[in-house]
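# Inside the fold
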Amino acid sequence: MLDKKYNFKETEKKWQDAWKQSKIFAFNTQSRLTKYLIDTPPPTISGPSLHTGHLFSYTHIDVIARHYRMSGYEVFFPMGFDNNGLPSGRYVQKKYNLNLNNLSREQFTDKCLEEIKNIQPIYKNLFESLGFSCNMENTYSTIDKNSQKISQQSFIELYNKGEIFRQKSATLWCPECKTAIALSEIETKEKESKMNYIYFGIAGSDEKLEIATTRPELLPACVCVFVNPEDKKHKHLIGKKAITPLFHKEVPILANEEALMDKGTGVVMCCTFGDEADMQWQKTFNLPIIEAITANGRMTDIAGEFAGLKIKEAREKIIEKLKEENILYKQEDITHLVATHERCKCDIEILSKQQWFISILKHQQEIFDAGQKCKWHPESMKKRFLNWVEGLKWDWCISRQNFFGVPFPVWYCAKCGKVHLADIKDLPVDPLKTTPSTPCECGSNEWIPEKDVMDTWATSSLTPLISLNLEFNQGLSGENLPMSLRPNAHDNIRVWDFYTIVKALLHFGKLPWNDVVISGYVVDEKGEKISKSKGNEKMSPQQLVENYSADVARYWASNVSMGHDTIFSLEQLANGSKLVQKIFNASKFVLSFLQDAPKDKPEKMEIMDKWILNELQIAEENFDRYMKEYEIGLALKEIEKLFWNFCDNYIEIAKNRLYKPEIYGEEAKKSAQYSASFVLQAILKYFSIYMPHITEEIYMNSFGQAKKEKSIHTSLYLKQNAVVDQNLFDLGADVVMIVSRIRGEKSQNNLSLKTEVEKLILSGFDEKIKLAEQDIKAVGSVKEIIYQDAKQKNIEVFLKAD
RNA sequence: GGGAGUUUAGCUCAGUUGGCUAGAGCAUCUGCCUUACAAGCAGAGGGUCAUAGGUUCGAGUCCUAUAACUCCCACCA
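Just so we're clear, the structure is a prediction, and the values are computed from it rather than from any experiment. (Residues numbered from 1 in each chain as written. Chains lettered and ligands numbered in written order. Predicted model: local features only at pLDDT ≥ 70, side-chain atom pairs only at ≥ 80, totals over all residues. Heavy atoms only, no water.)

Quick look at the overall build of chain A now. Summing up its helical and strand segments, chain A has 23 helices and 28 strands in all. In chain A, which comprises 802 residues, the share counted as buried stands at 56%. Here chain A has roughly 35,900 Å² of accessible surface; of this, 47% comes from carbon and sulfur atoms. Computing the positive centroid from 104 side-chain charges and the negative centroid from 109, chain A places the two 2 Å apart. (Helix = DSSP H or I, 4+ residues; strand = E, 2+ residues; numbered from the N terminus. Buried < 20%, exposed > 50% of the residue type's maximum accessible area, 1.4 Å probe, protein only. Areas by Shrake-Rupley, 256 points an atom, 1.4 Å probe, with all protein chains shown as cover. Lys, Arg positive; Asp, Glu negative; His and termini not counted. Charge placed at Lys NZ, Arg CZ, Asp CG, Glu CD.)

The next subject is the protein's contact with RNA strand B. Residues in close proximity to RNA strand B total 50 residues, the closest being Met-195, Thr-214, Val-268, Leu-337 and Tyr-659. Counting only the atoms of RNA strand B within 4 Å of the protein, the fraction contributed by sugar and phosphate is 68%. Within the side chain of Asn-387, one N or O atom sits 3.2 Å away from a base nitrogen of RNA strand B. In this structure, a sugar or linking oxygen belonging to RNA strand B sits 3.4 Å away from a side-chain N or O atom of Asn-585. Only strand E8 (208-213), strand E12 (267-270), strand E13 (328-341), helix H9 (380-390), helix H15 (570-591), helix H17 (632-659) and helix H22 (726-748) provide two or more residues apiece to the surface near RNA strand B. Residues belonging to the surface near RNA strand B are distributed by class as follows: 16 nonpolar, 17 polar and 17 charged. (Near = heavy atom within 4 Å. Polar contact = N/O pair within 3.5 Å; in protein donor to acceptor, adjacent residues only side chain to side chain. Nonpolar A, V, L, I, M, F, W, Y, C, P; charged D, E, K, R; others polar.)

Our focus in this paragraph is helix H3 (residues 86-95). Every α-helix winds through 3.6 residues per turn, so residues three or four apart in the chain are directed the same way. Counted residue by residue, H3 has 7 buried out of 10 residues, so it is predominantly covered. Of the positions making up H3, those classed as buried are Leu-86, Pro-87, Ser-88, Gly-89, Arg-90, Tyr-91 and Val-92. Packing partners of the buried residues in H3 comprise helix H4 (105-129), strand E6 (179-180), E13 and helix H10 (456-460). Once H3 ends, the next one or two residues include Asn-97, with phi positive near 50°. (Contact = heavy atoms within 4.5 Å.)

What follows concerns a negative patch on the surface. Together, Glu-313, Glu-316, Glu-320, Glu-324 and Glu-325 line one region of the surface with negative charge. Position of Glu-316 among the secondary structure elements: in helix H7 (residues 311-324). (Patch = residues over 30% accessible without salt bridge, like charges linked within 9 Å, V, L, I, M, F, W, Y side chains within 5 Å. Salt bridge = Lys/Arg side-chain N within 4 Å of Asp/Glu carboxyl O.)

A few words on the sheet that holds strand E20 (residues 447-449). Pairing within the open sheet is antiparallel, and its 3 strands lie in the order E19-E18-E20. Only two strands of the sheet have a single neighbouring strand rather than two, namely strand E19 (419-421) and E20. Between one strand axis and the next, the sheet turns by 35° as a mean value, whatever way the strands run. Here 3 bridges tie strand E18 (residues 410-413) to E19, and the two strands are oriented antiparallel to one another. Counted as the bridge partner of Tyr-412 is Val-419 from E19. Docked against the sheet, helix H5 (residues 145-160) engages E18 and E19, running at close to 130° with respect to E19. (Pairing = 2+ DSSP bridges. Axes fitted to C-alpha atoms, helices over the stretch in contact; angles between N-to-C directions.)

All chains considered together, the criterion is met by 37 salt bridges. Where Glu-217 meets Arg-315, a salt bridge forms, and the shortest distance between an N and an O atom there is 3.1 Å. With Glu-217 in the loop between E8 and strand E9 (224-227) and Arg-315 in helix H7, the pair connects residues that are 98 residues apart, well separated along the chain. The exposure class assigned to Arg-315 is buried, which follows from its relative accessible area of 19%. With a shortest N-O distance of 3.6 Å, Lys-641 and Glu-638 are connected by a salt bridge. Of the two residues, Lys-641 and Glu-638 both sit in helix H17, 3 residues apart, roughly one turn of that helix. Owing to a relative accessible area of 11%, Glu-638 belongs among the buried residues under this scheme. By sharing partners, the salt bridges in this structure join Arg-215, Glu-217, Arg-315 and Glu-349 into a single network.

Glancing now at the side chain of Glu-537. As for its position among the elements, Glu-537 is in the loop between strand E24 (522-523) and helix H13 (541-548). Side-chain polar atoms of Glu-537 contact the side chain of Thr-52, separated by 2.7 Å. Those residues within four positions of Glu-537 in sequence are excluded, and the remaining contacts are His-51, Thr-52, Ile-530, Ser-531 and Lys-532.

In this section: the pairing of E9. Successive residues of a regular strand alternate their side chains across the two faces of the sheet. Because side chains alternate across E9, one face comprises the buried residues Cys-224 and Phe-226, and the other comprises Val-225 and Val-227, equally buried. Where E9 meets E12, 4 bridges bridge the pair, whose relative direction is antiparallel. Its bridge partner lying in E12, Val-225 is registered against Met-269. Of the pairings in the sheet, the one linking E9 to strand E11 (residues 250-255) comprises 3 bridges and is parallel in character. Opposite Phe-226, over in E11, you have Leu-254 as the bridge partner.

Considering every residue of chain A, the mean pLDDT works out to 90; 99% of them sit at 70 or more. The ipTM assigned to the predicted complex is 0.93, against a pTM of 0.90. (pLDDT = per-residue confidence, 0-100.)

This part covers the sheet that holds strand E23 (residues 513-519). Taken in spatial order, the 3 strands of this open sheet run E15-E23-E22, and their pairing is parallel. Edge positions in the sheet fall to strand E15 (375-377) and strand E22 (483-489), since each of these pairs with one other strand and no more. Within this sheet the neighbouring strands show an average axis-to-axis angle of 20°, counted without direction. In this structure, E22 lies alongside E23, joined through 6 bridges in parallel fashion. Within E23, the residue paired with Asn-488 across the bridge is Ile-518. Contacting E15, E22 and E23, helix H12 (residues 493-508) runs over the sheet at an angle of about 160° to E22.

Pasting the structure below:
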């Protein structure tokens, strides 16, 4: 029996413990069912707790997982933690205010691992308190031994395939984090700056050349000046030499079509450093490379008196000096977009450095095609991916000059410099701690270890294999690919989705998964993404669960249309609370009439009992259609609609027959019992993927108990496999309209709903409406119904005289 | 500048392949203790479907243009 009042705190905990104990969500590799494999995003460990966005997006995944489980699939729903690399490292460094110059890589790594150990359980607890049906007993982390092994093996295999190379080339560099970064880690930010107009001299002439620049500190690295060959004002200078101000260096004036006449002054200085276009020109025109900036973001010796200054200081000082010498003739305030590092918001520099790269430019077309083959939900997200692929300009730089991350399995021979890779059987290795077992071909046994670590994404791009390895123990192999589903938010399209597709293609020539579901963000009333740094999170996920229950939090999170942002709303949470209570009340009420309910469909069914089964069928078809498209919110709405129809119309009608078989007959009661039981059960099952606790509580105290089942969540949906009957639909709609009209008449006359109706005249209705006569009479307290022929439907209600 | 999305009731959003009078929830208003539920129930009001053209017997839905907002990319002279 169910309690009088629903106590979510006790009940949710009770079932979470029960699920954990009975391991009902464990994956069975031996199962004969079709597998549904989810590549769950491992949350990044970069803070002490999870935010509303996590609750939101992981709920979506759980709903999908539960849906497939109840649709008869063997669902693989793993959980992992992304904790290698810069995000975790930076968090630990900041939290303990660590100076990395005073720590060894090992010491820092240990500190990171220790912190991760503390945080992971916090994440796990939240996931458990939300009733997620992922396997929490067997999780991975992207820094654990297996992940490192798979990641290093991936490096070795791609290296052997010729897809990985090391070279000194233009590298996106963060001077704050002192590491190389990838294109995907860049965030463009609008910043205020000044456009400086300065004079260059011309060798052997008094003429002056006007040049505009936002980065005068790069002047010492200037190697040439470009003008457009069509530029009438400047073309006579081509071939002459310009003289840089302050540094008085002679540089050639070259013709370059890419120098646009209408931009700036029409004259560009080229510095082969610090700017992507400049580095391109360096290659095209074979210009000398002059390094102006160090890895720490300070000026090199080339800057003379400005050497050693930070970039911004140098800029200010140089501008001052240019002003003093009257070389700067104009200055404008501008705002422009600057490439910054998304982790620290520091301006990106472009330096020339030795780095490891994975070839992606030469595979651009294949990646594009793969993106096209993936099924993106919503479909418009495909364009975003393709758009990104089309815009690729760099190979994938995977080396990072950090401490914390997966090491490269690489040594260099101290004598001949040859690259030596670790044996696959020895993986994972840390080249700082071990050396190769055999000497180099040149005979030397002295090794220089690669000190860099791999980019986080070099490892997280392998989550399909890392997660599958938990159950299938398959290592780096293309078995079980493509997986069924990758769910993540839209910011990850060009990052995680992209890199995962790249790796699966390069290794196996396969897609990593068939479907990608893209979710939006949780935003505040102003439409801004909710995040801790913005301080617009009204309630933490923990508070949400404590104040509203997991089911209600999940209900709110499920109310989405795929790919769109959702506003965090206390109203929706209140709605959820009401719905949960309503489900409890309605179920309790209906169940109280079902002790002697017939198991099989009675021969003779009342018309409105057939009608509600028909309504269920309609809801099911809509539900299935939406779920196929991963529209969990719209699917939920269908079930909600059905549920309210069931409560407000069906139960109200049927309860008279359930209450009083002595008046309406035993057969009419059986008929109602059957429909009420069937529909309630079906509704509970559909609701259970969204609100697993309340539905489990009801189901296991009734239907599930009777059938000796373990849980509603391991049961299958209750399907009728019937055909929708349009006539039944119309007839039911007519009855609902008639009942509504009777209620309205009473309401408008400020009368109680139990007021008797003396006479009801129904004109123009189908003959069959008479089949519902006793139900209409009962629900509306109608004494007499008169039927009339008419062309138009009409309802006349005569209330008892007041 | 290139790509994408959004624009429907006061608010948040549905609206499949064009098809009766454009829907839901919340909010507002009115009423009702009715034998599950007053944290409930019944009912009502509220929309020039961003704008302007076009296709069509018929357009919220298709086409063209425009505007506003959001996101991604490019733009550091």
